[in-house]
Amino acid sequence: MALSPTVYTIFAGLIFVIGIYTLATKRNIIKQLIGIELMINAAHLNFVVFGANSPGGIDPYALAIVVLSMAAGAAVITVGALLVINVYRVYGTMDLEVLRRLRR
Amino acid sequence: MAELVPGIMSIPILTLLLGAVLVSPILMILARFLKAPKIVGVYATLVLAYALWQSLTARPGTLTARFSQAPGSIIMADDLTYYFTSIILGIGLLSAVYSLGYIKNRSAEFYTLLLVMVLGMVGVFFSGDFVTFFIFWEIMSISSYLLVAFNYREWESVEASLKYLIMSSTGSAAILFGLSLLYGLSGTLEFGELSSVLASQSARFELWNIAALVLIIGGLGVNIAMSPFHYWLPDAHPAAPSPISAMLSGVVIKTGVFAMIRVFTLLYPAEMYGWSAGLMALALLTMTIGNVMAVFQSDIKRLLAFSSIANIGYIALALSINTPLALAGALLHVLNHAIAKALLFLSAGCIIEASGTRNLDELSGIGRRMPLSAATYSIGAFSLAGIPGLNSFVSEYAIILAAFSAGQFLPGAIMLVNVIIGAMYHLRVVQVLFLKPETGKSSVSHEARPVMLAPLLVLAALCVLIGVYASPFLSIVFQLASVPK
């Protein structure tokens, strides 16, 4: 017998919260990007669980959503990494606390 | 309900933009090879002009199209879609014309990214399910990050773009998580089917459903810079090149407004879910913070960015009142703020380019050297200050009237005070530009080139036109607002 989807959903919610916690507390930009990735993947886990437990058998719609969204998430993280490289070139650091020149 | 069509040929605008975006990288490489980067600029301008013509002449009714019987991407076009699409394409076209004179380096890459951003926004308006919506939303966001970081060797652009990316993609992740919960509840993400599922009484008190609503609205709130999440906007919008600031402040945040209108009117009716009070509190907080912070700014573009936050507050207040008059006021304010804010950012771009500074103290008296740019700036500033006879007066008046006639006296009064604060800082800038003595930087400035002045004059003429002859625009928005849901 399989576990109820609610268990998985609560677990995914936990991963989502860990992602938010990472964004709120970590100062390294790379860790911030990892936090975003955690949040996106928590949502993907939800889609997979609900797709696998749908009434009419496994729902290909959910899996298509996950594949498309993974591509979009990869693009976001790629742009983020590109910006991290440029931040490092300009500021010489990965520390988010140093990136405060704009706040006047 | 949804008719089966063999391709997306039924939506000529979307087909045109998709094709244009696919061709543009090839053209970009060709332009680089021929050392003639202007080709891409002219190409993008022509594509946007043709798409705008298509959008203005489209007589849609409501069209829902899908590509196969299996669940998949759905294209939905109604009057609201074409209203927003026309605004986006109009501002996009004028920004593209302006950029022909403004962008000097890497203009081929610039126009490619601009076309991708416009495609993302137009796609959001045409999407009939949340998956299509989310994919186009990400296309729009990713190209915005890249355009904010267009001058990638300057500390300001890089820092602003990274902050924008972190905030905005967190919002996108929240939307995606909310969508996954919605999918788990209803087994679909199509707007039509979702609305019938969510309208049932059993869905109303479902905890996961409330969580999904909060996550989706929170994610959209990050994009439109609602109050707790507004910190990225005054960093990101001024750091971009001026035509992109105009696009971001004028129309990209309006995409979030569109999504909110769709979510609120189509999926979560206010009578059942009771979100009005919460949204109203956030809207009042947003407009107050935006206006009060704008008063203290000495950077002209940062001031305009805070003013955008305040105007988002006005629109959100109108959405929370949720009567036909308020919705009409919100839709008209979307148009008016897009025109006025694009005008302000573009003419500020002329002034900044000529003088080489963004500091208001150093810009004083520049109106005598650059009469046209400063005069068009003043028209935009007077408009957002709520001077009667210009466009924003009409919509701000409509929103305040809607608040009073719905019995919301305190929110209406707070908005009235906010409009007065807005008048204060907008008029201060005009006073600085025209009446203060000249400084070293402003006395050597010259008027901008004609290709940059032409969009300013068009936008200023639109400000005056909507202000003095508002009735056709009012009839359009009232028709949009009174559509039975």
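The coordinates are above.
As the structure is a computational prediction, the values presented were derived from the model and not from experiment.

Caption draft 1: Quick peek at the nonpolar core. Judged by nonpolar contacts, the single largest core of 215 residues is most densely connected at F130, L182, L189 and Y268 of chain B. With 20 residues, helix α15 (residues 324-355) of chain B is the largest single contributor of residues to this core.

Caption draft 2: The arrangement of the interface of chain A and chain B in detail. Facing 44 residues of chain A, the contacting portion of chain B comprises 43 residues. Both faces considered, chain A and chain B share a buried interface measuring about 3700 Å² in area, 77% of it formed by carbon and sulfur atoms. On the chain A side of the interface with chain B, the three residues burying the most area are Y61, L83 and L102 of chain A, jointly 21% of the side's total. Taken together, chain A and chain B are joined by zero salt bridges. Counting every contact that joins chain A to chain B gives three residue pairs in polar contact (both at pLDDT 80 or more). Elements that contribute at least two residues to the side of chain A that touches chain B include exactly α1 (5-25), α2 (29-52) and α3 (60-91) of chain A. Looking at side-chain class alone, the side of chain A that touches chain B contains 29 nonpolar, ten polar and five charged residues.

Caption draft 3: Looking closely at the packing of helix α13 (residues 276-295) of chain B against helix α18 (residues 409-434) of chain B. Residue and element names in this part refer to chain B. In the contact formed by α13 and α18, the axes pass within 9 Å of each other and the chain directions differ by 20°. Here α18 runs roughly parallel to α13, going by the angle between their axes. Relative to α18, the crossing made by α13 is left-handed. Where α13 abuts α18, its residues M280, L284, M287, T288, N291, A294 and V295 lie against P411, I414, M415, N418, I421, G422, M424, Y425 and R428.

Caption draft 4: A look at unusual backbone geometry. All names here are of chain B. One non-glycine residue with positive phi stands out, namely R106, at about 55°. Here R106 is to be found in the loop between α3 (79-102) and α4 (107-126). Note on R106: relative accessible area 34%, which makes it partly exposed. Of note, A225 is a non-glycine position whose phi angle comes to about 65°, a positive value. Since its relative accessible area comes to 0%, A225 is described here as buried.

Caption draft 5: Looking closely at a nonpolar patch on the surface. All names here are of chain B. Among the surface-exposed residues, L30, F33, L34 and I39 lie close enough to one another that they form a single nonpolar patch of about 420 Å² accessible area. In terms of residue count, the dominant contributor to the nonpolar patch is helix α1 (residues 12-34) (three residues). Looking at where I39 falls in the secondary structure, it is placed in helix α2 (residues 38-57).

Caption draft 6: A look at the pairing of strand β3 (residues 74-77) of chain B. All names here are of chain B. The alternating pattern of β3 places I74 and M76 and I75 and A77 on opposite faces, both of which are buried. Relative to β3, strand β2 (residues 63-66) runs antiparallel, the two being bridged by four bridges. When the sheet's bridge partners are listed, T64 is paired in β3 with M76.

Each value, and the rule that gives it
Residues numbered from 1 in each chain as written. Chains lettered and ligands numbered in written order. Predicted model: local features only at pLDDT ≥ 70, side-chain atom pairs only at ≥ 80, totals over all residues. Heavy atoms only, no water. Core = buried A, V, L, I, M, F, W, Y, C linked by side-chain atoms within 4.5 Å. Buried < 20%, exposed > 50% of the residue type's maximum accessible area, 1.4 Å probe, protein only. Helix = DSSP H or I, 4+ residues; strand = E, 2+ residues; numbered from the N terminus. Contact = heavy atoms within 4.5 Å. Buried area = accessible area lost by both parts, 1.4 Å probe. Salt bridge = Lys/Arg side-chain N within 4 Å of Asp/Glu carboxyl O. Polar contact = N/O pair within 3.5 Å; in protein donor to acceptor, adjacent residues only side chain to side chain. Nonpolar A, V, L, I, M, F, W, Y, C, P; charged D, E, K, R; others polar. Axes fitted to C-alpha atoms, helices over the stretch in contact; angles between N-to-C directions. Parallel < 35°, antiparallel > 145°, perpendicular 65-115°, else oblique. Left-handed = near helix turned anticlockwise from the far one by under 90°. Patch = residues over 30% accessible without salt bridge, like charges linked within 9 Å, V, L, I, M, F, W, Y side chains within 5 Å. Areas by Shrake-Rupley, 256 points an atom, 1.4 Å probe, with all protein chains shown as cover. Pairing = 2+ DSSP bridges.

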